[in-house]
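# Examining the three-dimensional arrangement
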Amino acid sequence: MGYRIFLIFSIILLTSLSVSAKDIAFVVRNPNNPDQNVINILNQLKLSFDLIDDNNVKQTDFDSYRIVLVAENNKKLKNAKFIPIGEMPSIVANVFHVEDWGLTLDVSSVAANQPLQIRLFNNVIKDAYTSCCFSGDSGVGLPIYYLLEQYRADGFQDIVKVIVGYNNEKGAMEFLVPGNELLNGKINQGELCFFGITETKFWTQASRDMFKEWLLYANGTSGIIECDEDEDCDDSNSLNISL
């Protein structure tokens, strides 16, 4: 009888854990004010997620999630070194802590007085942002960040490139496969993406689609984007990631 009770309890516990597991742990500085543009995309893709308060990172069981996501590039995190970037599938769209996570020793950026252009996986060129600048057609330019090749961890692949100048392109979306060593001495344990198109308020459809594709790829469901509303997706795109 005791064995049967233990077995039943174990089944209930495993069922409970599987039900509570979620797709994404989205680490934020303030759960009451997350990046709504990212939230909208997670909802459009029907991905389950929790907002993880940066202050609670040490107490969080990240094994309960498939992906860890750090975006909100305008906010530094207090406990960045405790976020398991590289220990599981990871998406990084925050340049403040790339050195802590062993991605690179230095990061650079590009901005211009016209919308920056990117070369997609299918060699098509698109605008990354809807504007050149934070305040319309003038002012501070919207940046795209990239990991400097000579300082980044070995093995990073440039999946999407920002066009910096004639015959000069840099990795706006960079990928590291599992098994490569990070600069902090750790071995990358999951698909790791650096996403340098960080200004979500100004994303074009192409940038949104790339972010969606990467979320699906890291979640193991890459290939088809399903949308509740037709305007949520660019039906003519061919951005599916193939690595």
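As shown above, the structure is provided for reference.
These lines cover the structure that appears in this document, whether it is placed above or below. (Residues numbered from 1 in each chain as written. Predicted model: local features only at pLDDT ≥ 70, side-chain atom pairs only at ≥ 80, totals over all residues. Heavy atoms only, no water.)

For the rest of this paragraph, the subject is the overall build of the chain. From N to C terminus, the chain includes 3 helices and 11 strands. Going residue by residue from the N terminus, the α and β elements of the chain occur as α-β-α-β-β-β-β-β-β-β-β-β-β-α. Expressed as a percentage of the 243 residues in the chain, the buried residues total 47%. Considering only contacts in the chain between residues 6 or more positions apart, those separated by 24 or more positions represent 59%. Carbon and sulfur atoms make up 47% of the accessible area of the chain, which totals about 12300 Å². (Helix = DSSP H or I, 4+ residues; strand = E, 2+ residues; numbered from the N terminus. Buried < 20%, exposed > 50% of the residue type's maximum accessible area, 1.4 Å probe, protein only. Contact = heavy atoms within 4.5 Å. Areas by Shrake-Rupley, 256 points an atom, 1.4 Å probe, with all protein chains shown as cover.)

What follows concerns the nonpolar core. Ile-118, Ile-144 and Ile-197 are the most contacted members of the largest nonpolar core, which has 40 residues in total. Those elements that provide at least two residues to this core are strand S1 (22-28), helix H2 (36-44), strand S3 (65-70), strand S9 (157-165), strand S10 (168-176), strand S11 (192-195) and helix H3 (205-218). The element that contributes the greatest number of residues to this core is H3, accounting for 6 residues. Beyond its immediate chain neighbours, meaning those up to four positions away, Ile-118 contacts Val-124, Ile-125, Lys-126, Ala-128, Ile-144, Val-160, Lys-161, Val-162, Ala-172, Ile-197, Ser-207 and Met-210. (Core = buried A, V, L, I, M, F, W, Y, C linked by side-chain atoms within 4.5 Å.)

Further remarks concern H3. Over its 14 residues, H3 runs 20 Å from end to end, which matches the ideal 20 Å to within 8%, given 1.5 Å per residue. Taken across its 14 residues, H3 has 12 buried, putting it largely inside the fold. Along H3, the residues classified as buried are Gln-205, Ala-206, Ser-207, Asp-209, Met-210, Phe-211, Lys-212, Glu-213, Trp-214, Leu-215, Leu-216 and Ala-218. After H3 finishes, the residue Gly-220 shows a positive phi value of roughly 80 degrees. (Expected span 1.5 Å × (residues − 1).)

One non-glycine residue with positive phi stands out, namely Lys-46, at about 60 degrees. Of note, Lys-46 is situated in the loop between H2 and strand S2 (49-53). The exposure class assigned to Lys-46 is exposed, which follows from its relative accessible area of 53%. Although it is not a glycine, Asn-123 adopts a positive phi angle of roughly 75 degrees. The topology assignment puts Asn-123 in the loop between strand S6 (117-119) and strand S7 (125-127). Asn-123 sits in the exposed class, given a relative accessible area of 52%.

To continue, consider a nonpolar patch on the surface. Residues Leu-105, Tyr-151 and Leu-183 make up a contiguous nonpolar surface patch of about 280 Å² in total accessible area. Positionally, Tyr-151 belongs in the loop between strand S8 (144-147) and S9. The partly exposed category is assigned to Tyr-151, whose relative accessible area is 37%. (Patch = residues over 30% accessible without salt bridge, like charges linked within 9 Å, V, L, I, M, F, W, Y side chains within 5 Å. Salt bridge = Lys/Arg side-chain N within 4 Å of Asp/Glu carboxyl O.)

Another point: the sheet that holds S7. Two pairing modes exist for strands in a sheet, parallel and antiparallel, and in both the strands are linked by backbone hydrogen bonds. The 9 strands are arranged S2-S1-S3-S4-S11-S10-S9-S6-S7 in an open sheet whose pairing can be described as mixed. Looking at the sheet topology across the chains shown, the edges are occupied by S2 and S7. Looking at each pair of strands side by side, their axes are set apart by 25 degrees on average, direction ignored. Inspection of the sheet shows S10 paired to S11 by 4 bridges, in the antiparallel sense. Counterpart to Glu-174 in the pairing with S11 is Phe-194. (Pairing = 2+ DSSP bridges. Axes fitted to C-alpha atoms, helices over the stretch in contact; angles between N-to-C directions.)

Bringing the pattern of salt bridges into the picture now. All told, the structure shown has 7 salt bridges when counted by the stated rule. Residue Lys-186 pairs with Glu-87 through a salt bridge whose shortest N-O separation is 3.3 Å. In this pair, Lys-186 sits in the loop between S10 and S11 while Glu-87 sits in the loop between S3 and strand S4 (90-92), placing the two residues 99 residues apart along the sequence. Note that Glu-169 and Arg-119 form a salt bridge whose closest N and O atoms lie 2.7 Å from each other. On the criterion of sequence distance, the pair formed by Glu-169 in strand S10 and Arg-119 in strand S6 is long-range, its members being 50 residues apart. We classify Arg-119 as partly exposed; its relative accessible area is 23%. Salt bridges sharing common partners tie together Arg-152, Asp-158 and Glu-174.

Remember, this is a structural readout, not a statement about activity or role.
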